[in-house]
Every structure is written in C-alpha cells, then in structure tokens.
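Architecture and fold: a report
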There are 2 protein chains.
Amino acid sequence: MLPRGRPRALGAAALLLLLGLTLLLGPFLSGGDPERERREPGGPARAPGCARCLLTPRVPSDGQLRGEPSAGLGDHNRSACAPQPPLPPKCEVLHVAIVCAGHNSSRDVVTLMKSLLFYRKNPLHLHLVTDAVARSILGTLFHTWMVPSVLVSFYDAQELKPQISWIPNKHYSGLYGLMKLVLPLALPPSLARVIVLDTDVTFASDIAELWALFAHFSGVILLRLDRLRQAGWEQMWKLTARRVLLTLPATSLADQDIFNAVIKEHPGLVRALPCVWNVQLSDHTLAEGCYSEASDLKVIHWNSPKKLRVKNKHADFFRNLYLTFLGYDGKLLRREIFGCPSQPLPGAEQLQQALAQLDEEDPCFEFRQQQLTVHRVHITFLPHEPPPPRPHDVTLVAQLSMDRLQMLEALCRHWPGPMSLALYLTDAEAQQFLHFVEASPVLSARQDVAYHVVYRDGSLYPVNQLRNVALAQALTPYVFLSDIDFLPAYSLYDYLRASIEQLELGSRRKAALVVPAFETLRYRFSFPSSKAELLDLLDTGTLYTFRYHEWPRGHAPTDYTRWREAQVPYRVQWAADYEPYVVVPRDCPRYDPRFVGFGWNKVAHIMELDAQEYELLVLPEAFTIHLPHAPSLDLSRFRSSSDYRACLRALKEEFHQDLSRSYGASALKYLTALQQPQSQARAP
Amino acid sequence: MLPRGRPRALGAAALLLLLGLTLLLGPFLSGGDPERERREPGGPARAPGCARCLLTPRVPSDGQLRGEPSAGLGDHNRSACAPQPPLPPKCEVLHVAIVCAGHNSSRDVVTLMKSLLFYRKNPLHLHLVTDAVARSILGTLFHTWMVPSVLVSFYDAQELKPQISWIPNKHYSGLYGLMKLVLPLALPPSLARVIVLDTDVTFASDIAELWALFAHFSGVILLRLDRLRQAGWEQMWKLTARRVLLTLPATSLADQDIFNAVIKEHPGLVRALPCVWNVQLSDHTLAEGCYSEASDLKVIHWNSPKKLRVKNKHADFFRNLYLTFLGYDGKLLRREIFGCPSQPLPGAEQLQQALAQLDEEDPCFEFRQQQLTVHRVHITFLPHEPPPPRPHDVTLVAQLSMDRLQMLEALCRHWPGPMSLALYLTDAEAQQFLHFVEASPVLSARQDVAYHVVYRDGSLYPVNQLRNVALAQALTPYVFLSDIDFLPAYSLYDYLRASIEQLELGSRRKAALVVPAFETLRYRFSFPSSKAELLDLLDTGTLYTFRYHEWPRGHAPTDYTRWREAQVPYRVQWAADYEPYVVVPRDCPRYDPRFVGFGWNKVAHIMELDAQEYELLVLPEAFTIHLPHAPSLDLSRFRSSSDYRACLRALKEEFHQDLSRSYGASALKYLTALQQPQSQARAP
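Each residue is numbered by its place in its chain's sequence as written, counting from 1. Ligands are numbered from 1 and chains lettered from A, in the order in which they are written. Only residues with pLDDT of at least 70 get local features here, since the model is predicted, and only at 80 or more are side-chain atom pairs given and counted; chain-wide, interface and lining totals rely on the full set of residues. The side-chain numbers reported here are obtained from all heavy atoms of the structure, hydrogens and water having been left aside.

**Let's talk about the overall build of chain A**
In this text, helices come from DSSP runs of H or I with a minimum length of four residues, and strands from runs of E with a minimum of two, each type numbered from the N-terminal end. Scanning chain A from N- to C-terminus turns up 28 helices and 20 strands. Scored against the burial criterion, the 684 residues of chain A give a buried share of 61%. Taking the contacts inside chain A whose residues are at least 6 apart along the sequence as the reference set, 81% of them involve residues at least 24 apart. Methods summary: accessible areas were calculated by the Shrake-Rupley approach with a probe of 1.4 Å, and residue burial reflects only the protein chains presented. Accessible area for chain A stands at about 26,100 Å²; split by element, carbon and sulfur atoms hold 54% of it. Buried means the residue's accessible area, taken with a 1.4 Å probe over protein chains only, is under 20% of the maximum for its type, while exposed means over 50%, and partly exposed covers the values in between. For this analysis, residues touch if any pair of their heavy atoms sits within 4.5 Å.

**A few points about the side chain of B:Asp448**
Residues and elements named next belong to chain B. As for its placement among the helices and strands, Asp-448 is situated in the loop between α20 (441-444) and β11 (449-455). The term polar contact refers here to a pair of N or O atoms within 3.5 Å; inside protein, the definition further demands a hydrogen-donor-capable atom paired with an acceptor-capable atom, and it admits residues adjacent in sequence only when both atoms are side-chain atoms. Within the structure, Asp-448 has its side chain in polar contact with the side chain of Arg-446 (distance 2.8 Å). Apart from the residues lying within four places of it in its own chain, the contact partners of Asp-448 are His-384, Glu-385, Pro-416, Gly-417, Pro-418 and Met-419.

**Section: the state of the cysteines**
All names here are of chain A. Two cysteine sulfurs form what is called a disulfide whenever their separation falls within 2.5 Å. Enumeration over the complete set of coordinates arrives at two disulfides over all chains. Cys-364 shares a disulfide with Cys-647; S-S distance 2.1 Å. Here Cys-364 is found in the loop between α16 (348-357) and α17 (365-372), whereas its partner Cys-647 is found in helix α27 (residues 642-663), with 283 residues between them in sequence. With relative accessibility at 1%, the residue Cys-647 sits in the buried group.

**With respect to the packing of helix α5 (residues 102-119) of chain B against helix α6 (residues 132-145) of chain B**
Residue and element names in this part refer to chain B. The axes are straight lines fitted to the C-alpha atoms, using for helices just the contacting stretch, and the angles between their N-to-C directions are given from 0 to 180°. Where α5 contacts α6, the two axes come as close as 9 Å, and the packing angle between them is 30 degrees. The two elements α5 and α6 cross, and the hand of that crossing is right-handed. Between α5, through Gly-102, His-103, Ser-106, Val-109, Val-110, Met-113, Lys-114 and Leu-117, and α6, the contact on the second element is made entirely by Val-133, Ala-134, Ile-137, Leu-138, Leu-141, Phe-142 and Trp-145. When its residues are assigned to classes, the contact of α5 with α6 shows eleven nonpolar, three polar and one charged. Handedness of a crossing follows from how the near helix is turned relative to the far one, being left-handed for an anticlockwise turn of less than a right angle and right-handed for a clockwise one. Gly falls in the polar group here, along with every residue not listed as nonpolar (Ala, Val, Leu, Ile, Met, Phe, Trp, Tyr, Cys, Pro) or charged (Asp, Glu, Lys, Arg).

**Side note on the pattern of salt bridges**
When the charged atoms of two side chains with opposite charge come close together, those side chains can pair. Residue and element names in this part refer to chain B. Salt bridges are identified by distance alone: a Lys or Arg side-chain nitrogen within 4 Å of an Asp or Glu carboxyl oxygen. Tallied over the full model, the rule gives 55 salt bridges over all chains. Where Lys-331 meets Asp-329, a salt bridge forms, and the shortest distance between an N and an O atom there is 2.8 Å. Close ionic contact of Asp-658 with Arg-661 constitutes a salt bridge, the shortest N to O distance being 2.8 Å. One end of the pair is Asp-658 and the other is Arg-661, both in helix α27 (residues 642-663) and three residues apart, which spans about a single turn. The exposed category is assigned to Arg-661, whose relative accessible area is 64%. Several salt bridges converge on common partners, so that one network encompasses Lys-114, Asp-329, Lys-331, Arg-334, Arg-376, Asp-427 and Asp-457.

**Some details on unusual backbone geometry**
Trans is the prevailing form of peptide bonds, just as negative phi is the prevailing case for residues other than glycine. A positive phi angle, near 55 degrees, is found at A:Glu504, a position not held by glycine. With respect to the helices, strands and loops of the structure, A:Glu504 is situated in the loop between α22 (492-503) and β14 (511-515). Given the relative accessible area of 35%, A:Glu504 is considered partly exposed. One non-glycine residue, B:Glu613, adopts positive backbone phi at about 65 degrees. Structurally, B:Glu613 is set in the loop between α25 (601-611) and β19 (615-618). When its relative accessible area of 65% is taken as the criterion, B:Glu613 is described as exposed.

**Side note on α27(A)**
Residue and element names in this part refer to chain A. With 22 residues, α27 extends 31 Å from end C-alpha to end C-alpha; this agrees with the ideal 32 Å at 1.5 Å per step. All of the buried residues in α27 are Tyr-644, Cys-647, Leu-648, Leu-651, Lys-652, Phe-655, His-656 and Leu-659. Of the residues flanking the end of α27, it is Gly-664, one or two places downstream, whose phi is positive at about 65 degrees. Expected span of a helix: the number of residues minus one, times 1.5 Å.

**Looking at the pairing of strand β2 (residues 124-130) of chain A**
Residue and element names in this part refer to chain A. Among the seven residues that make up β2, seven are buried, leaving the element largely enclosed by the rest of the structure. Judged by which residues are buried, β2 turns out to be covered on both faces: Leu-124, Leu-126, Leu-128 and Thr-130 on one side and His-125, His-127 and Val-129 on the other are all buried. Only strands joined by at least two bridges in the DSSP assignment are considered to pair. Pairing of strand β1 (residues 94-100) with β2, which is carried by seven bridges, proceeds in the parallel orientation. Residue pairing for β2: Leu-94 is matched across the bridge by Leu-124. Place the viewer so that the strands point away; then a crossover is right-handed whenever the path from the first strand over the helix to the second strand goes clockwise. Note on the crossover from β1 through helix α5 (residues 102-119) to β2: the handedness is right-handed. Relative to strand β3 (residues 150-156), β2 runs parallel, the two being bridged by seven bridges. Paired with Thr-130 across the bridge in β3 is Asp-156.

**Side note on the sheet that holds β3(A)**
Residue and element names in this part refer to chain A. As summarised here, the arrangement of the four strands in space is β3-β2-β1-β4, forming an open sheet in which the pairing is parallel. Each edge of the open sheet is held by one strand with a lone partner, namely β3 and β4 (195-197). Neighbour to neighbour, the strand axes of the sheet diverge by 25 degrees on average, direction disregarded. In the packing of helix α7 (residues 157-164) onto the sheet, contacts are made with β2 and β3, and the angle to β3 comes to roughly 50 degrees.

Shown next as structure tokens:
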C-alpha cells in the first residue's frame, strides 16, 4: 500500500521545499535577471479582478523559505494571481529525469508515471537512471506499455557510482539518491533542461505547467543543465561536499545535505518553486497553508516516513489522489497526442495494421483480437533474488488470476525450489496481491518466487501468453511446466533435479520428462507422501488419474498402468490430445499465443515438442495432483457457447497449417489425428 | 459497455453543436451586448506570445456553426488565445441540471458524475429531474456516496409531464428529453443560472471553466434561467412547437427539433459554445477539426448511435477517457473542497467521530472500521420489474461477490420467483457483471431479479451489510434468506408460497420456516427432483447434511432424523450456534452489521429471531443443497489468524451485551450458551 522511499535526512524544511521534488537551480552568473530577482520574491502585484487562477505560482518570501510563518501564505487572500506563464507549445518535448533502483522503487515509478501521463498533453522524454533490476523491470514495462509520445532512455547507475561512492553513505538507496548530483554530467550534453522527480510524488496537474516555469523565471530555472555545466557544477558540489565532510567526519551525507550546503554557499543558484508544486505531507501546517490558499494542488510529495498513514486532517484527499493512480488501468494511457508528429513505437504500426485487418464479422474476431493484444508486463513485481546458478536446477512455471491466489501458500510448501509465476491482474488487483503476499509469512519468506504481473486487457484469458511470460523469466536451465491448480509431490523438486542429472537431459538427450497427473474431487484430503500412498488412494477411489471421468485421452499415453509398476523412466509415444505436464530445458518452444480462453493450449505445445522430436519420458516416482475448484467463468462460457467451440476448431486448423509449414511432411500425422471425429474441441 | 442514450433526431449538426450538451441561451433583449456580439464571432485578436492556453474558448464563425469548413478551425494555428475568463470564486456553488429516467440512464449518470467530480473544485448543486426509478436509484446512490460539497435536489418528472405530453412523441425516453424545455419553469425561481447536461457526456476538465463562460459572454449565457423567464420562454417554445406541428402533423418532435425551431425564429437567443465543450463523436471531420486544434478537450459527447464502437481514428483516445471514469472507484471522490464552508452530510459528522474514536491498537480495529464503513449502493443496477403484489409471495435474498457469478444461472433455473441480490463489487467489476448478464440468455430473460451493487471498500467482506441491502430491497411480503452457494429444490418457490398460505405466516403466526440444508462435495451431481430422491442420495453418501463433517451443530436442531419421516411442519427449539436457512416476513430483524468477514453472521440473526419469539418451523418437503467451491480468501484468513478469531470472540461478547440490553433476562440463555467451551468461534 505504501510507496516506499528511502529514508532521508530531513534537512531544513525550507530547503526540502525547494528540492524534495524538483531541482530549481540556475546560476545568476549566466543570464539571470537580478532586477526580476528583486521584484519577485515578495510575490507579484495582486490582480484585484482575478477570482481564481488556473495557475498560481506564488513565490514565498525568504522567511517562508526558512519555514517561518508569514502573512502572505496564511492570510487566505484568494484574489492574488500571478501572471500566467505561457504553456510550452503543444508538441514541445518535456524532459524528465528519475533515479530508480530496486523492485519497490520500480513499483513507485509506475504510479508516478500514471499520474504524470494522465494529465500530460506534451510528448515526454524520460531519462531513467537505474540499477540492473529497475532497468529490466522498467524496460519491459515501457516496452509493453506502448504509450505514444513517450521516449525512454536508460542510464546505468553502476557507471555513475565512482562519481559519488567516495561520499560516506550508510544506505544502499542513499547512494542512488546522490545520483541526482551527477545528473548534469550523466545526461546528454545536448540536453539543456530537465525536471527531476523523486519516485514518491503524485501529479495532480499537467507537468507542462511546471515546465512553463522554466520560461517564467528567466535566468532562474529548473535544472538548467546547460547553465549548471557552465557554472562548474561538478566542481562546486564536490568542493562543498569535501568541505562539509571535514567538519562532520562521523556522519554520512545524503543528496539533500549536499544540496543544502551548496545552496548555502551559493544562494543565487536557487529559486523557490511555488509551494503547490511540492505539497509535502510530513509537515502539516506548512503544507496546509499552501494548499488551502492555492486551491489548485499540482504535486503531492509522500515524503513523510508514515507515507499513506500520515495523520493530517486532509490526508484522505491526498490518499485518494494517490490511490486513483495506484489502481488506474495503465492501458488507458495509451492515448496519442493529437496533431504532433510522433515516432512510431517499435512494432506498433504492424500491430495496428494487423488489428485493422481483422474482420469484425468473423466469429473468431474476439479470439484474434485477444491474440494480438500487447499486455503491459511488470516483471518481478515483488522483491526477488535470482537462484544461484546450478546446472540441474528446475523452475516451476505457472500462471494464475486473482481467484487462485489461495493456491500459492500450498504451492510454496510443496515446491521448495524457484518459481516463475505470471499473474493476470488489473492494476487494482495487483495492489491486493501485494497485500496478500505481505500478509502471508509463508509467501514473504520466499525470495525465489518471481511474480510477473501481466495486466488484464480483453475478455478472453490469454493463457498461453501468460505461460510464455513466466517461461521467459525462468532463470534455471530447466523448467517444470505446471498449472496453478496442481500440487506437486513434496519430493518432486529434488527428484526432478536428480533425474535431470541422471538422464543428462538437454545436453545428451532431447527429452521432455512427464510428471504423471492425478486429481482429487475432495477439498479436504491428506496429500500422499509417497508413490505407495498415492497408489493406495487411487485404489480406494480418493484419487483418480487426471480427468479420468471427463477426458481420459488427455493423459492416456502416460500409461498409468505401466507407471504403477515402473521403476525406471520409460518412453511413451505422442497421440492426439495428449497434454502431460512436463519438464524441459528452458529453451523449449514457446506456447502458441493464438489459443486464448480455454481449450487446446497445452495440446498444441506438446504437439510442437513432438514435432521437434523431443522424447517423452515418464518418470516413475514423479506425480502431481489437481485440487478441485469451481469451474471458471471462461470454462462455463466454453461449455455453453457453440460459437466458442467452432472458433476453437478454426484456430486448431490454422495451427495445423502452420505446423505443416514449419515441419513439412512429418507434421502430417497431427492433421490425421485432428480429422478423427472423436478429437473434438474440449476444455482442459 | 456502451452508454445507452435515447435515439435522437439528429437535427442540423450546427445546432447540435450548440445544444447537444449545453444550452447556451440568453436573450439579447435583456442585457446582451450587441457590440460584443459583433466583435467576437470571428475570434478574438491573436496573442502572438501565447504558445498554448489553459483555456481556449474559440467562438466559431457562423460558417462553422453550419458545419462548413473554415480556415479558422482547420489552420492548426496554435498560437491563438482568447482572453481567459476568470474562473468563479473557489467556493461559488455551480448549478447543474440533468434529466434522467430509468435504470440504464441512471447508470450513465454515475459515469458522468464521476468525470465531473474528478475535475471539479467548486461546490455543486445538482438538479435532477427524474422518474420514480431514477429517483430511487440516484437517491440511494448519492445518499451513500457521501461526496462533500455536493447538494442534490430531485424534481418529479411525472409532475412536469402535462407540460409536454401534448407534443406527439414516439419514444418513452423522448418525453424525458422534452423535459429540458420546461426547466426554466421546473427549477426554483431563485435559481438564475444552470448548466444542463445530457447523460451521455464525459468531462475532461473542470466544469468551472464552463461556468466561467457565463461571465465571459456577458449577456450571452448558458441557460440564464432568469433572463429566459423574463423573455417569456414558456410561451416562446410552445408557440413555435405548435406552429411546427401544423406543418409536420405526421412526425413526432424531439426536444432538439423544438430547440432548433425556436432558435431559427429567435437567432439572438443563442450563442455557440467553444467546440471543445461538445466534442461529438458522430461527426468525424468536424470534431477532429475542433480537438486537433484545441489540444485541451473539455467534454466528450457520446452522441453517435454506435457509442463506444464509433469508428474514428481517435476513438481510442475518447474511449479511454470514458473507460477511465466507468471503472473509477467512486469512493475516491469523497474529497472535500479545501477552505469552503460545507454543509455537513447527514450522519457524516457522527460517523467521523465514531471513526476518530476507534483505537488503532485495538486488535479488532479493522473489524470496527469495516462496520462503520458506508458503502456506496447502486440499487437495481440493471433493469428490473417489481413483482406484481401477491399476498404469499417470497423473494430469495442473497449476496455474492465476483467469484460466485457462475452460480447465477443455476440459481435462476432453480428459483423461478423474485430475487433480491446484493453484489459486492468494484466499479470495474460492476461493468464486467453487466456484460456477464447481457451475455447470458438465462439471466437477460429475467426481469424479476434485482441486482444491487454495493461498492467494495475495506478488506473484510461486509456480509451482513450486504444481506441487509438485499433484504431492504425485497418487495414481496416474505423473504427466503439464502446464501449464494445453495441451490433450492426446483419446487421450493411454489412449496413455500403454499406453506405460507397454509400456516398463515405473519398474520396469525410469528414464525420462521426452516428450509433444511444439505451439501454435496461433488462438482457433477444430478440434483434430486424430490425428497425421496434426496434421501436416496443421502443414503448412498452422495449428499450429506450441511457441514456434516465440520460443524454439525450449525444445523443439528433441524433434526434431520425427524425430517426424514415428517409429513407436516414441526417446531424445533433454538440451540447455541443454530444457523438454519429460513423464510420470514420481510419486516424481520436486520442482520447485525458488526459481523464482517466470516463467522457468526447468521448465528446472531437466528438468535435475534428467537429472542423476538419467532417459532422455528421445519418444512417437511423443503430442501436446499450447498454446492462445493474452493475456500474463499476470507475463510482462509479466518482459519489461519488467531487475531481474527480472538476478535470474533470479542464481537460476540459485545453482541450478547447488546442483546441483554434489548431483551433483558430472557436473553440470558444466549449468554449461558456462549460460555460453554464447545461454542467456539468458527466459520460458516
């Protein structure tokens, strides 16, 4: 729930007011207007006829800057209006820099970006200074988000570290905070202006209004990179920092402390932003003086250590704005900027064409549309530690939606190894999921489970796209391709690794190891601790082979009779509709994304494994058991709609045609199997 | 998905531009400024230094009004800025009138209101002209929404009908459209200005900017009610309408036709709004000319008959804005207006106090907070016909969340009578629910099932609040208090009505009729068509009495052994933890809202029935069967958290204290029962 920021040395309130959000720096030396300087700090002349202004940049007096109470801020005189700085031309690109490291800050950046994108009307160029984790998460996110008129550049924080690592610093994140000092160096020399944002802010207005202040305070600017460079910023802050360190040898410095010290030495560098651009919730009275006066809040800064739980009589107001964007469906921000030329997003044009070519009258229209949908993907939504490299390690791969969350704890108990799980969620559900994990000691304890959020879009469950996301993020050489309703034998993880080693899977042998599947129809059920116990439960009718009653063909080739007695792995032959759960090398074929909703999604994958001549080897001690659940809505839909089934038949035929194209004559057997009448469309 | 509007005669595009959204009417006669009139239509002088304006009220030329292309609209010259009309003072109340009738339009109004409230910064006074259905829905909604600084007044459309019913009109909704003609008459004489909105518009900006145009066009105004009345509007439109009818005897008139005709006769009445205030999606080219120029879209008008499916190369942009508010969590709009005195909402102050008095360290804090939560309620979310009055009719009452939607079809097959169902949903889920019902022939065919949406808020399932909403909306003299996971015997509805009549329930006898409950643990299961069949299934172990394995106490007093043989209703005695499913008169006690999440919610209700001396009569031919489902997350939480269970114990004790207070010594037996050690906290 709470955006997590780094702990921060809360220097003087007045300086935080300047810098907590936005660096408003600019040397006089190079073009400042001292006349204007003297004119403005007391506030502009009041325009008596102006009842309320769209933009009210009030410049606090020096006293206010130091946090002293002032008549100007507190007098509730609402008729004061500054002249409106003109907004930038509609197609002008605004530059924004953000420093971001780690899983939690990456989540914060998403919410910040949603609020920024919701109100913005200009093209944006984001300059993200990131560590490897944030680079990977945000890279995938922005790539799949496909927001028009947003360019993203990444800068490697690792490379900048030498510039600041000499500064004593206690916190991991503190080092990333210090990165702001080197932005003039890190960002391209051609870039003259940039707005620097902390990750814990929420916009309540168009960032163009903030950008406009660059012009308004001519010579007094928001991170005017060009002028800072001219003024020798690099030398300036380093000298100051070294000097401060001489007198404070025992403490560590946060970025804020250094900014404060530099500004103290060079007061002309700084101009205050109107307070509405940095409404901080840590200081109750000062903030309230600002917004009750201003009526138009621009930016909220969650800089209290209590974050959303901050006590403030208007806390609900701020929380609601934050929650608005936390739960906001980010795909709705795929809005173009009218009338500006925009660089086409990679792949977006082909996608648009493919979508445009779809025939709305085609009964499979919805299926084809779903297949073409690019879902936003937030990989490793929660903190995750990649498993150490081990040659025979296996990752359990599965996908789920909200209604299967309650499976996760049991799954963690049954599978002590790494997992890569794709979750199909709305933005709001992703937050519920976060709370669910935080509230569960079992789940919080596991750092080797990677949760990848794929955001919902469309009416059909994109089962194979989800599987492919989870599969692509698996980091071990082998994967166990499972489903979320199955609990593996407690020993399976160890047994699989031993089997992989023994069978020399991957290196010597191109094979898929089959894990025989069973099912129980009971909610309360004592999980068998061995194959012998499982066979007993089978004999007493407490367990069945999977889909024994409804669809035995799906697992018939596994040959359960042989399995009962088997002591060593045995090879089985592919047959129509076979869909076992298998262990394969991570580089196995992907799932075919055309199968959405329910039906045939695993069958097609196994067929492709067979076409690529994977041996199918059944493991004699492996088993996994399906737990009961109410039929999903998609399944009900499949069962009740003949269109749905007809469509699935059409997709199957197209899949076969593609298979023939890829594998030639050897794929003929699949077509023959398809044409047998008993091989009808069905659900898993 | 699609907002439904009424079919509309699409008069001249130019006039729709004026009137589709907002009536911009004002007679010259009374204070108009002809000089200004002549000066402005060509557009104001251009301000060369102004790159982009926050507000660009461009007044189209006459040619543009007629839909002709014009250099002014199409030249993409973005530097033109009109002088900004000052916004109204921040605490000025803005008046908005909306005509709304029926279930579907009431839903549309909610989305419109969300977009309006999201951007507004002024107090609002809504003037809603409604039929009885919309009055009831919107009355409940606004009462429970509790948005500060929003006053709502209702006006009975029925009373206004005689004013317009003489106009030939083909459509039910058309009559409501005509209501706009009589707004100057219907609204209070003291009201001088009002903005009139169709239900199918979405705001993309602060309505204060629209209100500001009242001032900008001095003498040329948005529904200046005062001046319209002065000018004799009533007579004016009626005369015109009669005259038009003489020449068009065969057709019917929509409001738009009459407005068009009046304006043709009195062109001075009208002033065009800047086109950004009415971006219509029916006319592609004209609208695009407007918004690609304006960059700041203010209002989108979904006036194409295709609504959201409209073909427009920017359709995604508009759809996304609409969907933003469709799925927006309305509770986040409970934001106060800073610095304005506001009338306290009824009950809001006590609620605030009660919430403020809660102790955050209390382990039951979350429970107590949930109990005090006022959920937004949208009664009869879908079209509904109240059942005809029948003296022994019974409504099935139940509550559910998204994960039980798949029960609805089966329930409809088992219960052919009226139902009142409370659904606990997010705003986004409410839309999914709508599609689910529309896609189901079984559900769409039923007009006697009332769905009441209670919007989610908080982490604990407010089971008893939901039951009370469904119970309060039941319209028959009797109710069957069921749960969503149960399917009643096919004959139950008829049998209950016959039993009620026979037993003279309610009039002669204060009793609760017990419907014995059973359960199956199997997904596929052939529902018994008679008591005899049910007994067979019991004997073969396909069915059990409800919670036979986990919690037999819950239904033990029903005495299933006696029931097997019973031919006539028999009386049973209350015992601790008894929680049968019962049929009672509609005026039975409400459920105690302190029980949230899971546990003890029905037990407490049955205890209260017993305290009020309801006889408990078991019906010999009645039965209902619980279907299996995966344990809900709340239940898992109950089972795993000792705090949760401790808290439930505390709530039970408080309930008993209250019971003793209400019923005196006779309630002692409940306390004794509670203190028996076996009566522990448990889940239903």
